[in-house]
Number of protein chains: 2
Amino acid sequence: MKKHNFSAGPCILPQEVFEKSAQSVLNFNHSDLSILEISHRSKDFVAVMEEVRALVLEFLGLEGKGYQALFLQGGASLEFLRVPYNLLNVDGKAAYLDTGTWANNAIKEAKLFGETVIVASSKEENYNHIPTNYTIPEDASYFHCTSNNTIFGTQMKSFPKTAVPIVCDMSSDIFSRTLDFSQFDLIYAGAQKNMGAAGTTLVVVKESILGKSGRAIPSILDYQKHIKAESMYNTPAVFAVYTCLLTLQWLKKQGGIAGIEKINEAKASLLYNEIDRNTMFRGTAVKADRSIMNATFLLENPELQESFDKMWKEAGISGLTGHRSVGGYRASMYNALPLESVQVLVDVMKEFETLYSTQSQLAE
Amino acid sequence: MKKHNFSAGPCILPQEVFEKSAQSVLNFNHSDLSILEISHRSKDFVAVMEEVRALVLEFLGLEGKGYQALFLQGGASLEFLRVPYNLLNVDGKAAYLDTGTWANNAIKEAKLFGETVIVASSKEENYNHIPTNYTIPEDASYFHCTSNNTIFGTQMKSFPKTAVPIVCDMSSDIFSRTLDFSQFDLIYAGAQKNMGAAGTTLVVVKESILGKSGRAIPSILDYQKHIKAESMYNTPAVFAVYTCLLTLQWLKKQGGIAGIEKINEAKASLLYNEIDRNTMFRGTAVKADRSIMNATFLLENPELQESFDKMWKEAGISGLTGHRSVGGYRASMYNALPLESVQVLVDVMKEFETLYSTQSQLAE
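As a convention, each chain's residues are numbered from 1 in the sequence order in which they are written. By the order in which they are written, chains take letters starting at A while ligands take numbers starting at 1. For this predicted model, a pLDDT threshold of at least 70 governs which residues receive local features, and a threshold of 80 or more governs which side-chain atom pairs are given and counted, while totals over whole chains, interfaces and linings are taken from all residues. For the side-chain quantities, the full set of heavy atoms in the structure was used; hydrogens and water were omitted.

Caption draft 1: Geometry of the domain arrangement of chain A. Residues and elements named next belong to chain A. The start and end points of each domain follow an automatic or database-based domain assignment. Segmentation of chain A into domains returns domain 1 (4–9 + 256–363) and domain 2 (15–253). Taking only C-alpha atoms, the centre of domain 1 and the centre of domain 2 are 28 Å apart. We call two residues in contact whenever any of their non-hydrogen atoms come within 4.5 Å of each other. Contacts between domain 1 and domain 2 engage 27 residues on the former and 28 residues on the latter. Buried surface area refers to the total accessible area, computed with a probe of radius 1.4 Å, that the two partners give up upon joining, counted for both partners together. Each partner contributes to the roughly 2,200 Å² buried at the junction of domain 1 and domain 2, and carbon and sulfur atoms together form 55% of this total. By definition, a salt bridge exists where a carboxyl oxygen of Asp or Glu is found within 4 Å of a side-chain nitrogen of Lys or Arg. Put simply, domain 1 and domain 2 have 0 salt bridges between them.

Caption draft 2: Local environment of the interface of chain B and chain A. At the junction of the two partners, chain B supplies 54 residues and chain A supplies 54 residues. Taken together, the two surfaces of chain B and chain A that pack against each other cover about 4,200 Å², and 60% of this comes from carbon and sulfur. Where chain B meets chain A, there are 2 salt bridges. The salt bridge partner of E37(B) is K2(A), with a shortest N-O separation of 2.6 Å. Contacts described as polar in this section are N or O atom pairs within 3.5 Å, which, within protein, must combine one atom able to donate a hydrogen with one able to accept it, while residues neighboring in sequence count only if both atoms come from side chains. Between chain B and chain A we count 18 residue pairs in polar contact (both at pLDDT 80 or more) in total. Helix numbering and strand numbering both begin at the N terminus, where a helix is a DSSP run of H or I of at least 4 residues and a strand a DSSP run of E of at least 2. Of all elements in the fold, only α1 (15–26), α3 (75–87) and α6 (238–253) of chain B reach the threshold of two or more residues within the side of chain B that touches chain A. The element contributing the most residues to the side of chain B that touches chain A is α1(B), with 6 residues. When residue character is reported, Ala, Val, Leu, Ile, Met, Phe, Trp, Tyr, Cys and Pro are called nonpolar, Asp, Glu, Lys and Arg charged, and the others, Gly included, polar. Taken together, the residues of the side of chain B that touches chain A sort by class into 28 nonpolar, 20 polar and 6 charged.

Caption draft 3: Summary view of the UniProt feature "domain: Aminotransferase class V" (unreviewed entry) in chain A. The UniProt entry lists residues 5–345 of chain A under the feature "domain: Aminotransferase class V" (unreviewed entry), expressed in the numbering used here. Taken end to end, residues 5–345 of chain A is 34% helix and 18% strand, and its first and last C-alpha atoms sit 11 Å apart. UniProt positions are given in the numbering used here, feature names are shortened, and annotations may be inferred rather than shown by experiment.

Caption draft 4: Main features of empty space enclosed by the protein. Here a cavity denotes a set of grid points, spaced 1 Å apart and computed over the protein atoms alone, in which a 1.4 Å probe fits but from which it cannot get out, and a pocket denotes an open set meeting protein on both sides within 12 Å along at least five of seven lines; residues with an atom within 4 Å of a point are reported as lining. Grid points are joined across faces, edges and corners, and a volume is the space filled by probe spheres set on the points. Counted under the stated rule, the structure contains 3 cavities of 30 Å³ or more. Taken as a whole, the largest cavity holds about 100 Å³ of empty space. What lines the largest cavity is a set of 15 residues, and nearest its centre among them are F71(B), L72(B), Q73(B), H226(B) and N234(B). Mapped onto the lining of the largest cavity, the elements with two or more residues apiece are β2 (67–72) and α3 of chain B. Broken down by class, the residue content of the lining of the largest cavity amounts to 8 nonpolar, 6 polar and 1 charged. There is about 80 Å³ of room inside the second largest cavity. If you trace the second largest cavity, you find 13 residues lining it, with F71(A), L72(A), Q73(A), H226(A) and N234(A) closest to the centre. Of the residues contributing to the lining of the second largest cavity, the split by class is 6 nonpolar, 6 polar and 1 charged.

Right, dumping it as structure tokens:
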């Protein structure tokens, strides 16, 4: 029996991705070779890389607009470093919006390379909302933001209008909702949420912003070198890239981003409505900034934790424990999580209320 | 029918690694979850990481000697950068031995960080041998060498005695032969030859050499941060790391490095003896420096290429085409390649000689 997997990442992928990628490990494309033992320069894998890079630009509506899609190694954490190396002018400054742990990690790396302006932060309120009304210095080399904060359950619903290039870490909500993606100059995302196996990172970059920082960039960090090498500067994470292709092929059958967005909104509504209705729980993020990917919520009575944990585990749910920075629970509802899994969770929450609400009141 | 896969990397892995890792994609450890959808901080994956890190030190005989094993992202190409960032003193110099394309790429990255002394190079002879009789500056922060040169088919049989820390790129011969590994201070190796799926890189480092360069090291590049985080500073390439564990478990059953070394020597002898005996072929590397992992050889009569290619392809052999830097053929005989595959190649070479040696002579 498959679990209802609410894990924050690595996380659930479509069942057909598991099946097809497992098959490819035994015999890839009827080649009598495993995908693990073929050269990344073989015709079959070059075709995988070309198709997945093209699909990314197609989904984001960025074909023919001067963008390139790359699948690199190192995780979003390496992009925290690649971004300032490539984009932060030697004598310039970078602007960052501080919306959580990962935004903060990005800021730490940038600080080694030049002046780093934090335009706004919600740290004082434990990152329970997305700051507004901030000013981006006009002379900044770029503005960096995190579109979705996995740990805190918040999500940017709009992005600033600015002449400064916008860099966005979309690790936990890439391909989950329609946006005008041409407002971004560089997007990056670790694969292990909405794309595929951990081990590869998507970078989508507008070529015209590159080559201007005035830095001597180490080859492995140089986006231009990766573009020139068609995302094969060094051996890519072959299997992880292939899982991304399979996931994007699945996404196409769901009607692309617009199609999956409707399902994601239905899942998020179902769960947030229950969190708000159910007397046993409360959400942690400010409502207007709630993420449709990661819903964070607490028990009104923490003493009932053991009882609730037992119930959801018995219902076949996994990965619901919240991050230590927030506590409580986190339900991650990435693209591949079926609506039925959210329904199972909501049913458990209702049942929990029925069983424990009186008891909870008596205990007060 | 399984191919005889002589690919230079990504390359053949043990059949049981294909089977067990495919199974883990469908259902990992009877968890009813795919290995692709579990948290890297789940108990099951933490156990994988701990076991594989311990096995590495056990195989290398480095347990309890102040070394740490890490599985990082980025490929050996990122280690070309991490090494100088961590080890090259701000006002110091680094010493490099130039034995091929990859050594050269490592040198290029180091040059951005300080004085880089090339102690010797075989570039003028198209890297057909390993230089000897060179001096390592006593004040170098470290000495860097490449133990096996995949492209040129050469391998270092011994390593210099020096008080300077030795850094060795063992990407293409790690775990293939017995050595006193305590002579090295830092070893790194991309997984995709003798270890597992592309997407993870092994780093084995003596802790006492770290923290001395006087540089502000970006977090993602800082070996000390990765050690402190027990190789989980950021999401590791979960699946690729698991394939490494499976491969090392297989290696243990082969008698560890000493066991596989005997088989590797038998494979190399079989092929090199044929290259030397057969009038149709000649090797490209100086005999004393021949690699037991990658044998490079040329046709005496290049006009017969099409005929020879047809024959080995019909015999079920794949991945034999040489790298463009050398031409001709390259037979990569990594740990998982069975002796039988080498025998099939040798048989084809003999048959080729029988069929074409007269014709070849007539054509002269």
